[in-house]
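# Reading the structure
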Amino acid sequence: MKKKNVLFMSLEVDLTARYNLILPYLAGYACLDPEIDAYWSFDSYRNSVHISPEQLEADMLEKHADIYAISCYVWNTGLIKQALYRFLDKKPNSKIILGGPQVSWQGKKYLSAKYPHLIICNGAGEKVFRNYLKELMNENADYSRLKGVCFYRGDTLMMTRNEERLTSLDEVPSPFSSKFFDSSKGYIAVDLETSRNCPFSCLYCCASTDNLTAKESKLVKLSLERTKSDILEVAKNSIQYLGIVNPNFGLFSEDLEVASFIADCKKKYGFPTHIFTGTSRKHFDRLKKIAKLFHDAGITAGWEIPVQTLDDTAMKKTNRVQNFSDYVSLTEFMNQEGINSYAEYIWPLPGETLDSFKTGIAKLCRANSHVIFVYPFTFTNNIGMEKYKLEYGIETVASEIPYSEDEFVIKTNEVSYEDNRNGCRFVLAEMVLYSLRALFMTARYLDSNHIESYRGLFDRFVSFILSKAEVSDHCYVEYMKKGTSPNEEILGAIIYAALYSDIKWFDEILFEFASSQTWWQDKNAQLFFELDLLNRGYLYKGTMDAKQHYVFKHVKMLDTAAGSYFIEIPTSAIGNIKEMLGIKASFDSNRIEVSHNQKQAELDTTVSIKEKLFECTFVFISLFSYLPQWRDYHQVSAH
């Protein structure tokens, strides 16, 4: 008998050679049943989220699968829904199962009585999908016999009781030992799920939805032995990018042993080279040890430090607890060791005001955060905040990104529409002046000497950029004028412009701003401004700007060559500059090489601008690696 075919479909933002675990997890678990293994065959379809609904529909029609299993996330469900209904109008009896965080328990939004074989898997998919396949092997399949699904029977939306959780992720066969892993495909990235669910109950996060009444025992984990086995396969197969799918990596003592094993694999096999993971908001001492293990092994990791808010009212309304002193301690450690880190903040959370938000961002600057990543507060399906939407006065607007189902919060009881826009503008100012280092040293000098606070500087820069709205059509000015939430596309566009395509424009606009301020009469402020011009990182190798458009008055430009500036600074400023640059400064004399030959990659002209902007978000969270090293001029010859 010819096997019936299941097609796993994934619409993704990033189409690198990633080993997608949806197929090996779901099909691998299902095929533990020999009857399923004998009856069904499995294939996968990956494409960009940027294709049209018409293209997706045509691809589905061409595949002629017996079952379409589609992964649904906030960024692709709009596209899927449009293509799906077109497809089902032509093939109404096709069997389709939707799964993922955006569609779980959301039958009213995504199902229709017109399509009796379109169903949704609620929650984790392994057991549901296995039983779904088993049920469809019966001549008279009945979805009501399944747990964890919703579907239409006639005009009635049916919702069956939830399926039992896995007790251990070890119940799912290793994706590397399964028949679905093909090492010849040259995968460069993979995600490894080491823990599922979250013990915390933050109301803005869908990971905590079914944990609001759950205990820590409800966490489902991968054993240490199995974790090490899978990591070894990652290393042996030369996979560069390892995503540790764990919203709280570092929470458990075994996470330190996992990190040590990853570091050992890197030393022995050379891989993985990059790590991406969520981090726990507890046990920062353990996280310090983990971060240092990766750093000492030469593994690049952008460590997120989940702050989210520093306002007591907002923390109470979002069911979040944290200690700012722990954040400061962790940040100090990361700075001393030269380890990439970034503070996460969310705007506007209920309870936060525009005033408390600006105060919080300024506190993060004074704590010497490497980068401050402010996420817009987005309403997605299945977050705990849903039931407080009316009480907290939350209003949203749909994302402008095609097919995304993100709903951006634009108003709360504490934040008006205009407050929200002004908060977004403040973020855009901080991002350029502080996180991207445009006025990093200047701002620190002004704030620490009580000349101009971080908050005051950012506010003044906002006003200055808005004054350019009628005379400049630069994207940064347009974003500032609109007060747009800094989503990933906007973030990428600004980073690309500031660190590559429009460096001269930013230099000139920064000089015009700085020279119009009362503090510009301070010669130290002028000196730090010139140093900031040289310290801003570059995206790509060989693209360092010679700064010929600027006349230096306090820094003497001796030479430029091979990605470096060779300069002379006032001897009296050596101590202050070294203190500001931290581990990036290894000079003792006033003749310095500012070397931009750091983590930059070659400019790939074959990559689309959309892909480049997407890559910029990864640069942002590991920006410290891109910043120049300041060392004595005599250590390296300029020629």
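What comes next is a walk through the structure. No experiment lies behind these values; they were computed from the predicted model shown. (Residues numbered from 1 in each chain as written. Predicted model: local features only at pLDDT ≥ 70, side-chain atom pairs only at ≥ 80, totals over all residues. Heavy atoms only, no water.)

### Regarding the overall build of the protein
Going by this rule: Every helix listed is a DSSP run of H or I at least four residues long, and every strand listed is a run of E at least two residues long, numbered separately from the N terminus. C-alpha atoms define the radius of gyration, and 2.2 Å times the number of residues to the power 0.38 defines the globule rule. Type-normalised accessible area, obtained with a 1.4 Å probe on protein chains alone, sets the label of each residue: buried when under 20%, exposed when over 50%, and partly exposed for intermediate values. Any two residues having at least one pair of non-hydrogen atoms within 4.5 Å are treated as being in contact. Accessible areas in this description were obtained via Shrake-Rupley with a 1.4 Å probe; residue shielding takes into account the shown protein chains only. Neither His nor the chain ends is counted toward charge; the positive residues are Lys and Arg and the negative residues Asp and Glu. Think of each charge as sitting on NZ of Lys, CZ of Arg, CG of Asp or CD of Glu.
When its secondary structure is counted, the protein shows 21 helices and 24 strands. Expected size for 639 residues packed as a compact globule is a radius of gyration near 26 Å; at 26 Å, the protein falls within 12% of this value. Here the C-alpha coordinates of the protein stretch approximately 85 × 55 × 45 Å along the principal axes. Burial status across the protein gives 57% buried among its 639 residues. Contacts in the protein between residues far apart in sequence, at least 24 positions, make up 75% of those at least 6 positions apart. For the protein, the exposed surface amounts to about 26500 Å²; the carbon and sulfur share of it is 49%. The protein carries 72 positive and 81 negative side-chain charges, and their two centres are separated by 2 Å.

### Some details on helix α15 (residues 454–466)
Convention followed: The span expected for a helix works out to 1.5 Å for each residue beyond the first.
End to end, α15 covers 18 Å across 13 residues, agreeing with the expected 18 Å (1.5 Å per residue, within 8%). When α15 is considered as a whole, its buried residues turn out to be Y454, G456, L457, F458, F461, V462, F464 and I465. Considering only its buried residues, α15 is in contact with α12 (354–366), α13 (417–435), α14 (440–448), α16 (475–482) and α18 (503–515).

### A few points about the side chain of K584
As a reminder of what qualifies: For this document, the term salt bridge refers to a Lys or Arg side-chain nitrogen within 4 Å of an Asp or Glu carboxyl oxygen. Whenever a nitrogen or oxygen atom comes within 3.5 Å of another N or O atom, the pair is scored as a polar contact, on the condition that within protein one atom can donate a hydrogen and the other can accept it, and that pairs from neighbouring residues in sequence are kept only if both atoms are in side chains.
Residue position: K584 is located in the loop between α20 (574–581) and β23 (591–595). It is E593 that comes nearest to the buried, bridge-free K584 among opposite-charge side chains, at 13 Å. From its side chain, K584 meets the backbone oxygen of F624 in a polar contact 3.0 Å long. Ignoring sequence-local partners within four residues, the contact set of K584 consists of Q598, F624, S625, L627, P628, Q629 and W630.

### Here we look at the sheet that holds strand β4 (residues 67–71)
The condition that has to hold: The criterion for strand pairing is that DSSP finds at least two bridges linking the strands in question. Axis geometry follows a simple rule: fit a line to the C-alpha atoms, using only the stretch in contact for helices, then measure angles between N-to-C directions, giving values from 0 to 180 degrees.
The mixed open sheet is built from seven strands, whose spatial order is β3-β1-β4-β5-β6-β7-β8. The sheet terminates laterally at β3 (40–48) and β8 (156–159), the two strands that pair on one side only. Strand after strand, the sheet turns through a mean of 20° between neighbouring axes, direction not considered. Relative to β8, strand β7 (residues 149–153) runs antiparallel, the two being bridged by four bridges. Note that in β8 the partner of Y152 across the bridge is L157. The sheet strands contacting helix α6 (residues 126–136) are β1 (4–12), β3, β4, β5 (95–99), β6 (118–121) and β7, and the helix crosses β5 at an angle near 170°.

### So, the packing of α14 against helix α19 (residues 523–535)
Pairs of packed helices are described in terms of their axes, by the angle between the two and the distance that separates them. Under the convention used in this document: Every angle not falling under 35 degrees, over 145, or within 65 to 115 is termed oblique; those three ranges are roughly parallel, roughly antiparallel and roughly perpendicular. Under the convention adopted here, Pro, Cys and the residues Ala, Val, Leu, Ile, Met, Phe, Trp and Tyr are nonpolar, Asp, Glu, Lys and Arg are charged, and Gly plus all remaining residues are polar.
Their axes nearest at 7 Å, the elements α14 and α19 cross at an angle of 150°. What the angle tells us is that α14 and α19 run roughly antiparallel. Contacts from F440, M441, T442, Y445 and L446 of α14 reach α19 at N524, A525, F528, F529, L531, D532 and N535. Of the residues in the contact of α14 with α19, the class split is eight nonpolar, three polar and one charged.

### Remarks on the pairing of strand β17 (residues 371–376)
For clarity, the threshold we go by: By the criterion used throughout, a crossover qualifies as right-handed when its path from the first strand across the helix to the second strand runs clockwise, the strands pointing away from the viewer.
The buried count for β17 comes to five of six residues, which makes it a mostly enclosed element. Taken together, the six bridges between strand β16 (residues 341–347) and β17 define a ladder with parallel strand orientation. Note that in β17 the partner of W347 across the bridge is P376. On the question of chirality, the crossover connecting β16 to the parallel β17 by way of α12 is right-handed.

### Quick look at the environment of F620
Tracing the backbone shows F620 in helix α21 (residues 609–621). Each C-alpha atom of the pair F620 and I495 lies 7.6 Å from the other, and the pair is 125 residues apart in sequence. Once residues lying within four places of it in the same chain are set aside, the contact partners of F620 are V371, I372, F373, M431, S435, L436, L491 and I495.

### Remarks on the pattern of salt bridges
When the charged atoms of two side chains lie near each other, side chains of opposite charge can form a pair. For the coordinates displayed, the defined rule picks out 35 salt bridges. Between D37 and K179 there is a salt bridge, with its nearest N and O atoms 2.6 Å apart. Separated by 142 residues along the polypeptide, D37 in helix α2 (residues 34–39) and K179 in the loop between β8 and β9 (189–193) bring together distant segments of the chain. Look at D37 and you get partly exposed, because its relative accessible area is 25%. Residue class for K179 comes out exposed when judged on its relative accessible area of 55%. Taking the shortest distance from any N to any O, the salt bridge between E126 and R196 comes out at 2.8 Å. Here R196 lies in strand β10 (residues 195–196) and E126 lies in helix α6, a separation of 70 residues in the sequence. For the pair shown, E126 and R196 are each scored as buried.

### Observations concerning helix α8 (residues 253–269)
If you check α8, its first and last C-alpha atoms are 25 Å apart, about what 17 residues at 1.5 Å a residue would give, namely 24 Å. Packing partners of the buried residues in α8 comprise α7 (224–236), β12 (241–249), β13 (274–279) and α9 (284–296). Directly beyond the C-terminal end of α8, a positive phi value near 85° is found at G270.

### Some points on the environment of P486
Assignment of secondary structure puts P486 in the loop between α16 and α17 (488–501). On the basis of relative accessibility, which here comes to 7%, the residue P486 falls in the buried class. Sequence separation between P486 and Y375 is 111 residues; the distance between their C-alpha atoms is 7.2 Å. Residues within four places of P486 in sequence aside, it is in contact with V374, P376, C424, V427 and L428.

### Structural notes on the packing of helix α3 (residues 53–63) against helix α4 (residues 77–90)
We apply this condition: For any helix crossing, the convention is left-handed if the near helix is rotated counterclockwise from the far helix by under a right angle, and right-handed if that rotation is clockwise.
As a packed pair, α3 and α4 sit with axes 8 Å apart at the nearest point and diverge in direction by 45°. When the interaxial angle is binned, α3 and α4 end up oblique. As α3 packs across α4, the resulting crossing turns out to be right-handed. Touching P53, E54, L56, E57, M60 and L61 of α3 are L79, I80, Q82, A83, L84, R86, F87 and K90, all from α4. Classifying every residue of the contact of α3 with α4 gives nine nonpolar, one polar and four charged.

### Quick look at the environment of I401
Examined against the element boundaries, I401 turns out to sit in the loop between β19 (395–398) and β20 (407–411). In this structure I401 comes out as partly exposed when scored by relative accessible area, which is 23%. Sequence-wise, I401 and H50 are 351 residues apart; in three dimensions their C-alpha atoms are separated by 9.8 Å. With residues near it in sequence (within four places) discarded, I401 still touches N487 and E489.

### A short note on the packing of aromatic side chains
Geometrically, a pair of aromatic rings is defined through the distance of the ring centres and the angle of the planes. Stated formally: For this analysis, a ring pair means two rings from Phe, Tyr or Trp (six-membered ring only for Trp) whose centres lie within 6.5 Å, classed as stacked if their planes differ by under 30 degrees, edge-to-face if by over 60, and tilted for the remaining angles. Placement of a positive charge over a ring is assigned whenever Lys NZ or Arg CZ falls within 6 Å of the ring centre and within 35 degrees of the normal to the ring plane.
One pass over the structure, following the stated rule, counts 50 aromatic pairs. Taken together, a centroid distance of 5.5 Å and an interplanar angle of 75° make the contact between F426 and F458 edge-to-face. With F426 in helix α13 and F458 in helix α15, this residue pair connects regions lying 32 residues apart in the sequence. What makes F458 buried here is its relative accessible area of 0%. Across from the ring centre of F324, 4.5 Å away, lies the NZ or CZ of K363, which sits over that ring.

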